[in-house]
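Descriptive analysis of the structure
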Amino acid sequence: MKYVALVYYQEQIINAMSEQAWQDLNQECIAGVERLSASGHYLAGQPLQPTETATTVRVRDGETLISDGPFAETKEQLAGFYLLEAHDLNEALQLASRIPPARLGSIEVRPVRELPPKAAPQTEIGE
Amino acid sequence: MSTEPLYVDGLYRDHSRRVQATLIRLLGDFELAEEAMQDAFVAAVQQWPVNGRPDNPTAWLIRTGYHCGIDQIRRRSTARRRAHLLLPTELPPTAEALDLEPTTIEDDALRLLFTCCHPSLSMEARIALTLREMCGLTTEQVASALLLKPTTLAQRIVRAKRKIRDAHIPYAVPPQEELPERLPDVLQVIYLVFNEGYSRSTGASVVDINLTQEAMRLGNELARLLPQGEVFGLMALMLLNDARREARQDSDGELVTLDAQDRRLWRQEDIHAGIAWLEKALALTPTGYYTLQASIAAVHAQASRAEQTDWGRIVRLYDALCRRFPSPILALNRAVAIAMNGAPDIGLKLLDDIAHHPQLSRYHLFYAAKADLLRRQGQHEAARDAYQQALQLATLDPEKRFLHRRLAELEHSP
């Protein structure tokens, strides 16, 4: 089973960190990814730039609308994600608990959803 | 020799924005470019009196600024949070090898404008950034012009610059095929800057920055760099509106509506200039939003008395606008034009049809327009009600006083 672990934390806490604490956290994450890769659980992942770099795209009535943000008043912000391979949710949660920012914020674990098979092309009746 | 510092002053005024625009492209960072630009001018003040003035001062300033910027990057390269500032692995070109053709430098101004007006930035940030970077105003000047605290504005600008850097908003003029989509963003920022200044031209303003002038300067520059019909149309619209500035308020600073204005106060030279821009715009197709709006402004500008206004032509122009760019505000204006064109019943009926649109139901000018049509029809009772509704929603003092005056006039009429 594939699970996505979404990493959330308060950017304020990170911004208030000392340079050294931030470096340590990054190194810890690198080591964590190495461990997950070695055990075959890590499929992909990426930390993200802070929310102030975010842009939202919407298409309404065929028009592309681009806006700054989101700057919703949520307590924690999305900071990165992992795509994990695990037997079941229990294992996925266990893996997620070892993602270092779990200590600072929260990790949301969600099973992936597979899209239905691609629809066969419509053929003309009587063909 | 003694005139050298003065010469640098003039050069700073005329060229600092241009030097900075090019340095932003070369160094890839707004703040770094600004520091580097300042350093370059400091160097000029020190070196030119001794070594003589260079043949091409702008190119000299850019090269020197680029040197200073590269030095800065080297010094900062150990700091983590600056790590992404590091130049790519290949060595930066030497200052002597930079392409500093006049056309490249001109393009940089255009790149800067499109970057400042990028749709992924909030509208507030776009306006602040454009005034700060394109008009060369200080943070304090922009803040006072926008009636904001300097700290608020500074924060807004810092956040926008950080986003440009970290999200990699490209420092580029969009390719030709994307221009129809991106140019309106730039024109909208310029027009908002203009309106910000225009709506604030009443009362004892202590603001020394004239936003209408800055907007027209930006429009002029854009028209030179990017000669598109809509840019000309926007220039025409701004000039035709601004020509009426002195007539928009009486000697007590009270609002005067278009039909009551002393048209001798309209500045004819601006009207002529506006119409010249409009003719250039109309020669290019398709006719866009600003060109159509300017065409309406031109109809008003060409009527020497309010009664001579060619409302039939205005209705046709609003028809075209509403077809191409449907919006409730335009529908409101179209309804008023139809009423003024001798069909008040149809106009009032059209107003009723759109009254419940969320953009209009809380819009004081909707009720003010309705009240005015009712008043002209002699329906004083209904007009009073509409003026009352407008009054409840209006926020600006001159507008409130205007609505109070209209109400008082109705009280005294049969």
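Chain B is annotated in an unreviewed UniProt entry as RNA polymerase subunit sigma-24 of Vreelandella boliviensis LC1.

The name given to chain A in an unreviewed UniProt entry is YciI family protein, with the source organism recorded as Vreelandella boliviensis LC1. UniProt annotates chain A under Sequence similarities (unreviewed entry) with the comment "Belongs to the YciI family."

1. A look at the packing of aromatic side chains
All names here are of chain B. This model, assessed by the stated rule, comprises nine aromatic pairs over all chains. Judged by centre distance (5.6 Å) and plane angle (40°), the ring pair of Phe232 and Trp277 falls under tilted. Note that Phe232 is positioned in helix 10 (residues 229-242) and Trp277 in helix 11 (residues 268-282), a separation of 45 residues in sequence. Here Phe232 and Trp277 have matching classes, each one buried. Ring geometry for Tyr289 versus Phe325: centroids 5.4 Å apart, planes at 85°, classification edge-to-face. Linking Tyr289 in helix 12 (residues 289-301) with Phe325 in the loop between helix 13 (311-324) and helix 14 (328-340), this pair joins segments that are 36 residues apart in sequence.

2. Topic: the interface of chain A and chain B
Facing the 14 residues of chain A at the interface are 11 residues of chain B. Of the roughly 1,100 Å² buried between chain A and chain B, counting both surfaces, carbon and sulfur atoms make up 43%. Counting across the interface, chain A meets chain B through three salt bridges. Close ionic contact of Asp68 of chain A with Arg159 of chain B constitutes a salt bridge, the shortest N to O distance being 2.8 Å. Seen at the junction of chain A and chain B, the total is five residue pairs in polar contact (both at pLDDT 80 or more). Going through the elements one at a time, helix 2 (19-38) and strand 4 (63-68) of chain A are the ones with two or more residues in the side of chain A that touches chain B. Each residue belonging to the side of chain A that touches chain B can be placed in one class, and the counts come to five nonpolar, six polar and three charged.

3. Examining the nonpolar core
Residue and element names in this part refer to chain B. Leu23, Leu131, Leu222 and Met238 are the most contacted members of the largest nonpolar core, which has 93 residues in total. It is helix 8 (residues 179-198) that provides the largest number of residues to this core, a total of 10 residues. Ignoring anything within four residues of it in the chain, the contact list for Met238 reads Ile190, Tyr191, Phe194, Ala215, Met216 and Gly219. Counting residues in each nonpolar core, the second largest holds 26 residues, with Ala339, Phe366, Ala371 and Leu410 among its members.

So, how was this worked out
- Residue positions are counted from 1 within each chain, in the order its sequence is given.
- Lettering of chains starts at A and numbering of ligands starts at 1, both following the order in which they are written.
- Local features in this predicted model are restricted to residues whose pLDDT is 70 or higher, and side-chain atom pairs enter the listing and the counts only when it is 80 or higher, whereas totals over whole chains, interfaces and linings include all residues.
- Working from all heavy atoms in the structure, the side-chain values ignore hydrogens and water.
- UniProt positions are given in the numbering used here, feature names are shortened, and annotations may be inferred rather than shown by experiment.
- Only Phe, Tyr and Trp rings are paired, with Trp represented by its six-membered ring, and only when their centres lie within 6.5 Å; those with planes under 30 degrees apart are stacked, over 60 edge-to-face, the remainder tilted.
- Strands here are runs of E lasting at least two residues and helices are runs of H or I lasting at least four, both read from the DSSP assignment and numbered beginning at the N terminus.
- Throughout this description, buried means an accessible area under 20% of the type-specific maximum (1.4 Å probe, protein chains only), exposed means over 50%, and partly exposed covers the range between.
- The contact criterion used throughout is that any non-hydrogen atoms of two residues lie within 4.5 Å.
- Buried area is a sum: the accessible area each of two parts loses on coming together, probed at 1.4 Å, counted once for each and added.
- The salt bridge criterion pairs a side-chain nitrogen of Lys or Arg with a carboxyl oxygen of Asp or Glu, the two atoms within 4 Å.
- Polar contact is defined as a pair of N or O atoms within 3.5 Å, subject to the rule that within protein one atom must be able to donate a hydrogen and the other to accept it, and that residues adjacent in sequence are counted only when both atoms are side-chain atoms.
- Only Asp, Glu, Lys and Arg are considered charged, only Ala, Val, Leu, Ile, Met, Phe, Trp, Tyr, Cys and Pro nonpolar, and every remaining residue, Gly among them, polar.
- By nonpolar core we mean a set of buried residues, namely Ala, Val, Leu, Ile, Met, Phe, Trp, Tyr and Cys, connected to one another through side-chain atoms within 4.5 Å.

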